[in-house]
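# Coordinate analysis (summary)
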Amino acid sequence: MIGRTSRFNQYKKRLFKLIPLYVMLIVPVAYVLIFCYYPMYGAQIAFRDYKTNLGITGSPWVGMKNFITFFTSRNFLRILSNTLTLSIYYLIANTLVVVILSLLIHSLDGSRFYKKMVQTVIYLPHFISMVVIVGIVLRMLNPHLGILSRAIQAFGGTDRDLMGVSPAFPHIYVWSGIWQSAGWGTIIYLAALASAGTELHEAAMIDGASRFRRLLHIDIPTIMPTIVIILIMNMGTIIDIGYEKILLMQNSLNLSASEVISTYVYKMGIANNIPDYSLSTAVGLFNSVVSLFLVVTVNQIAKKVSETSLW
């Protein structure tokens with residue numbers, strides 16, 4: 001009995017010591033509950049014919065009708081294809097560029113000032129607003145005043161608005177995004193490369209290994225677990241591609257290549273004259289389920305293949 005009392009008193013003392021930490025947790029826990037878990041209550045709109053005057057629970061239950069409407073619509077395959085094309089294209093190209101850029105920066109054999117200057121210059125686009133980035137792209141591609149358009153004309157090309165060419169839209173979207181985010185994305189990989197230390201490189205240099213050999217056998221294996229983890233995390237956004245930049249770049253001429261699931265949801269649920277909240281919620285729920293499935297599947301594959309995984 002005395003032992004139990006003394007243990008209880010120890011737990012009580014520890015609890016009082018940790019009270020400030022628990023108080024600090026109130027805000028983030030409340031944020032997650034309010035903005036992440038509470039909205040899940042509204043997910044049932046996807047299974048109802050939602051009417052604002054009836055509310056969520058008062059609206060009639062229609063089961064899978066909204067999902068069937070989306071899957072059988074004439075635009076479904078085109079929208080899904082555009083979403084996957086832009087997402088996978090960006091994921092592969094951005095990963096390659098970020099990894100190569102990180103290896104090149106890590107390999108710079110100049111002064112520390114020069115290395116920091118290069119990093120600062122490539123980080124800068126990350127801090128530019130998305131609206132400004134799209135404005136720069138539209139200005140560069142302007143058929144009359146744009147630098148790129150004038151260069152094409154100088155080499156005998158035609159005076160054409162590239163933003164109105166559907167096949168060109170994925171390339172413009174992806175590479176403008178890489179220009180904006182690739183520099184910032186190198187931070188994680190540079191940190192992983194720095195954690196390896198200099199001992200392995202010094203030992204390899206003593207054995208006569210060239211810089212390219214050290215890159216293949218030291219640098220790349222060092223960041224490979226980081227690459228796998230980031231790829232797994234990015235798989236959750238394959239379907240859920242953002243709509244903000246696409247809407248800014250979208251026009252009636254490139255709509256066949258630029259309409260994706262997120263823009264479709266926005267137009268059906270907000271921009272439509274008669275908003276279809278049930279259909280847009282169903283599409284959003286479809287996004288979430290597919291994203292979860294991709295993350296879990298890729299994580300299991302990565303665990304078996306490379307023994308590196310999120311869980």
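Residues numbered from 1 in each chain as written. Predicted model: local features only at pLDDT ≥ 70, side-chain atom pairs only at ≥ 80, totals over all residues. Heavy atoms only, no water.

What follows is about helix 13 (residues 261–271). Within helix 13 the residues assigned to the buried category are Ile261, Ser262, Thr263, Tyr264, Met268 and Gly269. Looking at the buried residues of helix 13, the elements they touch are helix 3 (65–71), helix 4 (76–106), helix 11 (244–249), helix 12 (255–258) and helix 14 (277–306). (Buried < 20%, exposed > 50% of the residue type's maximum accessible area, 1.4 Å probe, protein only. Helix = DSSP H or I, 4+ residues; strand = E, 2+ residues; numbered from the N terminus. Contact = heavy atoms within 4.5 Å.)

How two aromatic rings sit relative to each other is given by the distance of their centres and the angle of their planes. Applying the stated criterion to the full structure yields 14 aromatic pairs. Relative to Tyr277, the ring of Tyr50 lies with its centre 6.0 Å away and its plane at 80°, an arrangement referred to as edge-to-face. Here the residue Tyr50 occupies a position in the loop between helix 1 (2–37) and helix 2 (55–58), and Tyr277 occupies one in helix 14, the gap between them amounting to 227 residues. Note on Tyr50: relative accessible area 21%, which makes it partly exposed. Looking at Tyr277, the relative accessible area reads 36%, which means it is partly exposed. Here the aromatic cluster, defined as three or more aromatic residues joined through ring pairs, consists of Phe70, Phe71, Phe76, Tyr264 and Phe286. (Phe/Tyr/Trp six-rings, centres within 6.5 Å; stacked < 30°, edge-to-face > 60°.)

Our next topic: the side chain of Ser278. If you trace the backbone, Ser278 turns up in helix 14. According to the relative accessible area criterion, Ser278 is buried, its value standing at 2%. At a separation of 2.8 Å, a polar atom in the side chain of Ser278 contacts the main-chain amide nitrogen of Tyr50. Beyond its immediate sequence surroundings of up to four residues, Ser278 is in contact with Ile45, Ala46, Arg48, Asp49, Tyr50 and Asn66. (Polar contact = N/O pair within 3.5 Å; in protein donor to acceptor, adjacent residues only side chain to side chain.)

All right, on to the side chain of Ser176 then. In this fold, Ser176 is placed in helix 8 (residues 169–195). Residue classification places Ser176 among the buried positions, given a relative accessible area of 8%. A polar contact of 2.7 Å, which involves the side chain of Ser176, links it to the backbone oxygen of Ile172. Side chain to side chain, Ser176 and Lys245 meet in a polar contact 2.7 Å long. Those residues in contact with Ser176 that lie beyond four places of it in its chain are Val137 and Lys245.

What follows deals with the pattern of salt bridges. Inspection of the entire model under this criterion finds two salt bridges. Asp49 is paired through a salt bridge with Lys51; the nearest N and O atoms lie 3.8 Å apart. Judged by its relative accessible area of 31%, Asp49 is partly exposed. The partner of Glu259 in a salt bridge is Lys267, and the shortest N-O contact between them spans 3.0 Å. For Glu259, a relative accessible area of 8% corresponds to the buried category. (Salt bridge = Lys/Arg side-chain N within 4 Å of Asp/Glu carboxyl O.)

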